[in-house]
Amino acid sequence: MNLSAYWPALLGLLMGCEPLAVPQPTPLPCGLSAYARHPRHQTYLTELQQYRQQSVAPGSILLIQKPGEPRWIGAVGKANLEHQTDIQPCGQFRVGSITKMFVAVAVLKLAEQGKLRLDDRLATLLPHTAGRIPQADQITLRHLLSHTSGLTDPPNESIRYQLRIVDNAPERFSLTTDQLLDTYVYGKPLHFTPGTGWRYSNANYWLLGKLLEQQTGKPLQSVLNDWIFKPLALNDTYIEVRDDSQLVRGYADLYGDGRLFDVSHWDRADSDGEADGGIISTAADLATFAEALFGGKLLSDAWLTEMLNHTRLPSCPNGDCEYGLGVEHWKTGLGLAYGHNGGSVGIEANLLYFPHNRGVFVLYKNNGNGSDKRLMDRLMK
Amino acid sequence: MTASRSSLQIYAGLIGFCLITVGLGRYLDSQGVANLRQFGWDSVGLVALGTVGVWLAPRTGFADLLDPRVTNWQRLGRPLAIGFLFALADVLVFVGVIHPEPVTALLFFMQPFPYSILLYGSGALYVDVLYRLLPIPVLMWLVGRYALTNPRHTGLFWLLAGLSSLVEPLEQLITDSPALIAYSFASGYLMNLLQAYFFRKYGFLAGLMIRLGHYALWHVGFGLWVELRL
C-alpha cells in the first residue's frame, strides 16, 4: 500500500488540530446561588421567571454577558417533569440549529486552510450527489452554507419525514445521513435555481457534515472536537450520540390543551449526532464559543467577515436575507446581532452576539413553542 | 320556521355526549393511560353555545335539525357514506403515499379504542359548531336581517359557506410535495363545503354526519386497526 498519497492529508489534519491560543475557562459553578451576588441578579431572575411562565415552559436557562458586569447565568423551573428535577445553570441541553454555526466554522476552517473554496461545486465535492440532486454541478459550497441552494428541507417540508419520527422514533434515529439524503433529498426538485433565492434547509448541513467527514477522513464529532470543543475547553459540549438521560428533557403541548408531553425521543431521533442540529451543550459553553468566534479566535478576520457578510438577493426582503454563512443576522432594538436560533419539537434555544458591546445572550427553554425576543431587547440594553 | 322541541332535545343529548367524553377522559387520565387527548370544558362550552345555532338555523333558511321533510337517508345514511368515502381516500393516500412503512404506534390523530369513539365524536361536533353551526346562521341572521333585509339570502349563504370552508383545510394544510398539498387542501375544502350544503338543505345532523363518517374511519377505525396489529 502506498502511504505517500496520504501524507498531505495527514499534514493538513495535524495543522487543523493545532491548539488555539484561547484562554481556558475555569469550571462553572452550577447552583443558582453562585450568581446571587451579581449586581443585577434579582432583575435577571425575575425576567427569567416571567419568561418561563409566559412561555409555559417547564424550565428555562438564561445567560447574560455584558461589558461592565460579570457573566450571569440563571435557571428556573424543571429539567425533568417526571422526576421533578430542577433545571441548573450548567444543565446540558440540545441546542438545535445553533449547531450550524459550529459546522460552518469547521467548513470555513477548511477553506481558510485552502482545502476548499466557497465556489467549489457540490457535484465535485461530493461526486455521488451528481445526478441525484438536480443541478448539483451548479450548487456551490457558499450556497449550502447560506441556504441558497434551493434544496428541500425534509424536517420542515415533508410530512413523511415528520410522521416517521412520530411513528417510530428509534427507526428514524437509526438512519444514517446517507440514508436520510437517499430517502428525502435525492431526486427531489429544487425550490429555485441555486443562488437565486433563500430558503432554509437542514439538508444543506447534512451535506456539509458529509463533506467535513470526507475532507478530513474523520467522523464529524472528531472534527468539531479537535477544532472547536477541545481548543475552547467546551468540556460540556459534544455532538456524538451518547446516553441522553441526564440532559434537560424537551416538552410540547401536543394537543393544545395545556398538558405537556416529554418529546425528547423525537428531538433525539430528529437531530442527535447530525450536522444540522445535533450538538449538546450548556449556556456557558455556547457563550464561550460565541466569544471566541466573534472575537476572531476561531477564524481569521477575513474568513470571519466572509461568514458574517449578508446574503444579498433581490428575492429577499429589502434584498437582505438576514443570513450569512451559518449565522443569522438579527435586527434587534439594540442594533444588529449575530447568532442562531435552535428550535425543535421540545426545545427552543437562542445564541446571540452583539458586536456593538460584545455582549452575549443565551436563552433556552424546554418547550418548543417559539420564543419572545423582547426579553433580549430589555436585558441587553 | 322554528327549531322543534325534539331538535333541541337531540342537541341537548349531543351536549351530554360531550360531557361523558370529558368525564371518561379525566377518569382514564387518573388511571395513568398515557398520551390521552382530552376534550376540554371550554370545548363543551362552545358546543353548548351551538344551541343558538340550532335555534337560529330554521330562521335563516336552513332545514331544522329534525326537519320532518328530510328522510333519514338524506339526514343520516347518505352523508355518512360520503364521509366514509372522504376517509377512504385519505387512508389510501396515507398508507400508499405519505407513510408506506407499517404504522407501529398510535399516531397523533389516533386515540385508544373505544375512547376514540367518544373523543372524535365530540370532536366532530365541536368542529361543526365552530365552523358552521354558530358562524353561518348567526352571520346570516345579523347581516341578512340588518343589511340585506333577508336573513335567508341564498347568495349570502354561499358566500359564508365558501369562506368558512376555507378555515379548516388551511389550518390543517400539510407540508409536503405540491401534489399532496393540493390533495389535502382540495379534499378538505370540498368536504367542508359539502357539509355546509347538507346543513343548509337537510339540517345540522346531515352536515355533522359527513364528518362523523370521516372520523369513524380515519380516526377511530384506522386507529383500531393499528391497535389490533400492535
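Here, every reference points to the structure presented above.
Fair warning: this is a prediction, and the values are worked out from it, not measured in the lab.

Colleague: Would you mind going over the pattern of salt bridges with me for this structure?
Modeller: Between side chains of opposite charge, a pair can form when the charged atoms approach closely. Tallying each qualifying case throughout the model produces 26 salt bridges over all chains. The residue Glu322(A) makes a salt bridge to Lys331(A) at a minimum N-O spacing of 3.4 Å. Of the residues examined, Lys331(A) reaches a relative accessible area of 53% and is grouped as exposed. For Glu168(B), the salt bridge identified is with Arg211(B), shortest N-O distance 2.8 Å. Separated by 43 residues along the polypeptide, Glu168(B) in helix 6 (residues 154-171) and Arg211(B) in helix 8 (residues 204-229) bring together distant segments of the chain. In this structure, Glu168(B) and Arg211(B) share a single accessibility class: buried. If you follow the salt bridges from partner to partner, you end up with Arg94(A), Asp244(A), Arg249(A), Asp262(A), Arg268(A) and Asp272(A) in one network.

Colleague: Help me understand the state of the cysteines in this model?
Modeller: A disulfide bridge is the covalent bond that connects two cysteines by way of their sulfur atoms. Residue and element names in this part refer to chain A. Taken as a whole, this structure holds one disulfide over all chains when the rule is applied. The disulfide that involves Cys 316 links it to Cys 321, with 1.9 Å between the sulfurs. Residues Cys 316 and Cys 321 are joined through a disulfide that is right-handed, its torsion about the S-S bond being 80°. Note on accessibility: Cys 316 and Cys 321 belong to one class, buried.

Colleague: Just checking my understanding: could you explain the packing of aromatic side chains for this structure?
Modeller: Two descriptors summarise a pair of aromatic rings, namely the distance from one centre to the other and the angle between the planes of the rings. Within this structure, the stated rule accounts for 31 aromatic pairs over all chains. Centre to centre, the rings of Tyr161(A) and Tyr184(A) are 5.1 Å apart; their planes meet at 75°, and the pair counts as edge-to-face. In this pair, Tyr161(A) is assigned in helix 7 (residues 159-167) and Tyr184(A) in helix 9 (residues 177-184), connecting sequence segments 23 residues apart. In this pair, the class of Tyr161(A) matches that of Tyr184(A), namely buried. Look at Phe94(B) and Phe109(B): their rings are 5.5 Å apart centre to centre, the planes differ by 85°, and that puts the pair in the edge-to-face class. Taken as a pair, Phe94(B) in helix 3 (residues 72-98) and Phe109(B) in the loop between helix 3 and helix 4 (115-133) lie far apart in primary sequence, 15 residues in all. Assessed through its relative accessible area of 3%, Phe94(B) is described here as buried. One aromatic cluster is present, built from ring pairs that chain together Tyr11(B), Phe62(B), Phe157(B), Trp158(B), Tyr197(B), Phe198(B), Phe199(B), Tyr202(B) and Phe204(B). Note that Arg59(B) overlies the ring of Trp55(B), its terminal NZ or CZ placed 3.7 Å from the centroid. The positively charged end of Arg200(B) is found above the aromatic ring belonging to Phe62(B), 4.9 Å away from the centroid.

Colleague: What should I look at first to understand the nonpolar core in this one?
Modeller: Generally speaking, a soluble globular protein has its nonpolar side chains buried in company with each other. Ranked by size, the top nonpolar core spans 128 residues in total, and within it Phe102(A), Ile133(A), Leu145(A), Ile228(A), Phe289(A), Leu293(A) and Phe294(A) carry the most contacts. Counting residues per element, this core draws most heavily on helix 3 (residues 99-112) of chain A, which supplies 10 residues. Discounting residues that sit within four places of it in the chain, Leu293(A) has contacts with Met101(A), Val105(A), Leu298(A), Leu299(A), Leu304(A) and Met307(A). Grouped together as the second largest cluster of nonpolar side chains are 39 residues, Val22(B), Phe157(B), Ala161(B) and Leu205(B) included.

What counts and what doesn't
Residues numbered from 1 in each chain as written. Chains lettered and ligands numbered in written order. Predicted model: local features only at pLDDT ≥ 70, side-chain atom pairs only at ≥ 80, totals over all residues. Heavy atoms only, no water. Salt bridge = Lys/Arg side-chain N within 4 Å of Asp/Glu carboxyl O. Buried < 20%, exposed > 50% of the residue type's maximum accessible area, 1.4 Å probe, protein only. Helix = DSSP H or I, 4+ residues; strand = E, 2+ residues; numbered from the N terminus. Disulfide = S-S within 2.5 Å. Phe/Tyr/Trp six-rings, centres within 6.5 Å; stacked < 30°, edge-to-face > 60°. Lys NZ or Arg CZ within 6 Å of the ring centre and 35° of its normal. Core = buried A, V, L, I, M, F, W, Y, C linked by side-chain atoms within 4.5 Å. Contact = heavy atoms within 4.5 Å.

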